[in-house]
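Examining the three-dimensional arrangement
The primary structure of each chain is shown beneath.
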Amino acid sequence: MSRESIKNTLSLTLITVIAGLLLGLVYEVTKEPIANEKQRAKEEAYKTVFADAASFDEMQLDEEIIKNIKEEGYDADINEVMAALSAGGDAAGYVLTVTDHEGYGGDITFAMGVKNDGTLTGISFLSIGETAGLGMKATEDDFKEQFKNKNVKKFVYTKSGAKAEDEIDALSGATITTNAVTNGVNAGLYYTDAIKQINLDN
């Protein structure tokens, strides 16, 4: 190997090492602020979907219920469950963070609130990358409000205009997104209903 080749190889190696160290440094510097921002966004979403709650207390996930959700055919994960507490510390319901894996643009993650009586108090998106002007319309109030203050076991979507309490108007040109959000909500409703049944049995 010529002296010039050795020099070039050493230069490239040095540049690679320095670049790697700088990337590692940037990651360490930004890791905590990014985590804090994600936590702040989640807490804001909790308040959006369960405005009556004074505070939220993290609950342990029930792995058996999560397993049953998969067996029911929902391609969704329950990432987190919070007890929504009143000012007096009483449990008023639940806030769940749900990720559905059937979105057109990938995973869709949102928070949803459910009162003790099963009423869905709303949904708020945490992460969604659907098609602009089509699937992204799921983030607009016209779509989200269809779920709010409804007390049903599960939702279905329709392309011919929602007529029943459990029906959701599908987004025009974005049936896949509509299906993903609806299934994610249904997975969350299944989870909270199962938790209520366990509490009743005990």
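Quick summary incoming for the structure in this document. (Residues numbered from 1 in each chain as written. Predicted model: local features only at pLDDT ≥ 70, side-chain atom pairs only at ≥ 80, totals over all residues. Heavy atoms only, no water.)

**Some thoughts on the pattern of salt bridges**
Heads up, the condition is: A pairing counts as a salt bridge when a side-chain nitrogen of Lys or Arg comes within 4 Å of a carboxyl oxygen of Asp or Glu. For helices the rule is a DSSP run of H or I covering at least 4 residues; for strands it is a run of E covering at least 2, with both sets numbered from the N terminus onward. Here's how the labels work: a residue is buried when its accessible area is under 20% of the maximum for its type, exposed when over 50%, partly exposed in between, all with a 1.4 Å probe on protein chains only.
Across all of its chains, the model carries three salt bridges by this definition. Between Lys 144 and Asp 141 there is a salt bridge, with the nearest N and O atoms lying 3.9 Å from each other. With Lys 144 and Asp 141 both in helix H3 (residues 141–144), this residue pair falls three residues apart, about one helical turn. Accessibility expressed as a relative area gives 17% for Lys 144, which makes it buried. Measuring nitrogen to oxygen at the nearest pair gives 3.1 Å for the salt bridge that ties Lys 153 to Asp 193. With a gap of 40 residues between them, Lys 153 in the loop between H3 and strand S6 (156–158) and Asp 193 in helix H4 (residues 175–201) connect regions that are remote in the sequence. On the basis of relative accessibility, which here comes to 64%, the residue Lys 153 falls in the exposed class. Accessibility expressed as a relative area gives 25% for Asp 193, which makes it partly exposed.

**Brief notes about a nonpolar patch on the surface**
Just so we agree on the cut-off: Patch definition: residues with relative accessible area over 30% and no salt bridge; like charges joined within 9 Å; nonpolar side chains (Val, Leu, Ile, Met, Phe, Trp, Tyr) joined within 5 Å. For every accessible area listed, the method is Shrake-Rupley and the probe measures 1.4 Å; residues are considered covered only by the protein chains on display.
A cluster of nonpolar side chains, contributed by Leu 14, Ile 18 and Leu 22, occupies part of the molecular surface with about 290 Å² of accessible area. Mapping Leu 22 onto the fold places it in helix H1 (residues 3–49).

**Quick look at helix H2 (residues 63–71)**
The periodicity of an α-helix, 3.6 residues per turn, causes residues three or four positions apart to be oriented the same way. Which entries qualify depends on this criterion: Here, the arc refers to the directions that run from the helix axis to the C-beta atoms. Only heavy atoms matter for contacts: two residues are in contact if any of them lie within 4.5 Å across the pair. In protein, a polar contact requires one atom able to donate a hydrogen and another able to accept it; more generally it is a pair of N or O atoms within 3.5 Å, and residues adjacent in sequence count only if both atoms are side-chain atoms.
Listed as buried for H2 are Ile 65, Ile 66 and Ile 69. End-on, the buried residues of H2 take up no more than an arc of 100 degrees, which puts them together on one face. Relative to its buried face, H2 has exposed residues pointing more than 90 degrees away, namely Glu 63 and Glu 71. Residues of H2 that are buried sit in contact with strand S2 (76–85) and H4. Looking at where H2 begins, the residue whose side-chain oxygen comes 3.1 Å from the main-chain nitrogen of Glu 64 is Asp 62. One or two positions beyond H2, positive phi appears at Gly 73, with a value near 100 degrees.

**What to know about the nonpolar core**
A general feature of soluble globular proteins is that nonpolar side chains tend to end up buried together. Rules: The nonpolar core is taken to be a set of buried Ala, Val, Leu, Ile, Met, Phe, Trp, Tyr and Cys residues, with the residues joined through side-chain atoms within 4.5 Å.
With 34 residues, the main nonpolar core has Leu 96, Met 112, Phe 147, Val 185 and Tyr 191 as its most contacted residues. Elements supplying a minimum of two residues to this core: H2, S2, strand S3 (91–103), strand S4 (106–115), strand S5 (120–127) and H4. At eight residues, H4 tops the list of elements feeding residues into this core. Apart from residues lying up to four places away in sequence, Leu 96 is in contact with Ile 78, Glu 80, Val 81, Phe 110, Ala 111, Met 112, Val 114, Gly 188, Tyr 191 and Thr 192. If you look at the next biggest cluster of nonpolar residues, it comprises nine residues, including Ala 45, Ala 53, Met 82 and Ala 111.

**Some remarks on the side chain of Asn 183**
The residue Asn 183 is located in helix H4 in this model. Residue Asn 183 is classed as buried on the basis of its relative accessible area, which comes to 16%. Beyond its immediate chain neighbours, meaning those up to four positions away, Asn 183 contacts Tyr 74, Asp 100 and Glu 102.

**Examining the sheet that holds S4**
Hydrogen bonds along the backbone pair up the strands of a sheet, which may run parallel or antiparallel. Quick reminder of the rule: Paired strands, in this sense, are two strands between which DSSP finds at least two bridges. Under this scheme, a helix contributes an axis fitted over its contacting stretch, all axes are lines through C-alpha atoms, and angles between N-to-C directions fall in the 0 to 180 degree range.
Within the open sheet, the five strands sit side by side as S1-S2-S3-S4-S5. Their pairing is antiparallel. Strands at the two margins of the open sheet, each flanked by one partner only, are strand S1 (55–59) and S5. Between one strand axis and the next, the sheet turns through 25 degrees on average, direction left out of account. Here S2 pairs with S3 via nine bridges, running antiparallel. Bridging across to S3, Leu 85 finds its partner in Ala 91. Relative to the sheet, H4 contacts S2, S3, S4 and S5, its axis offset from that of S3 by approximately 145 degrees.

By themselves, these observations are geometric and do not establish any function.
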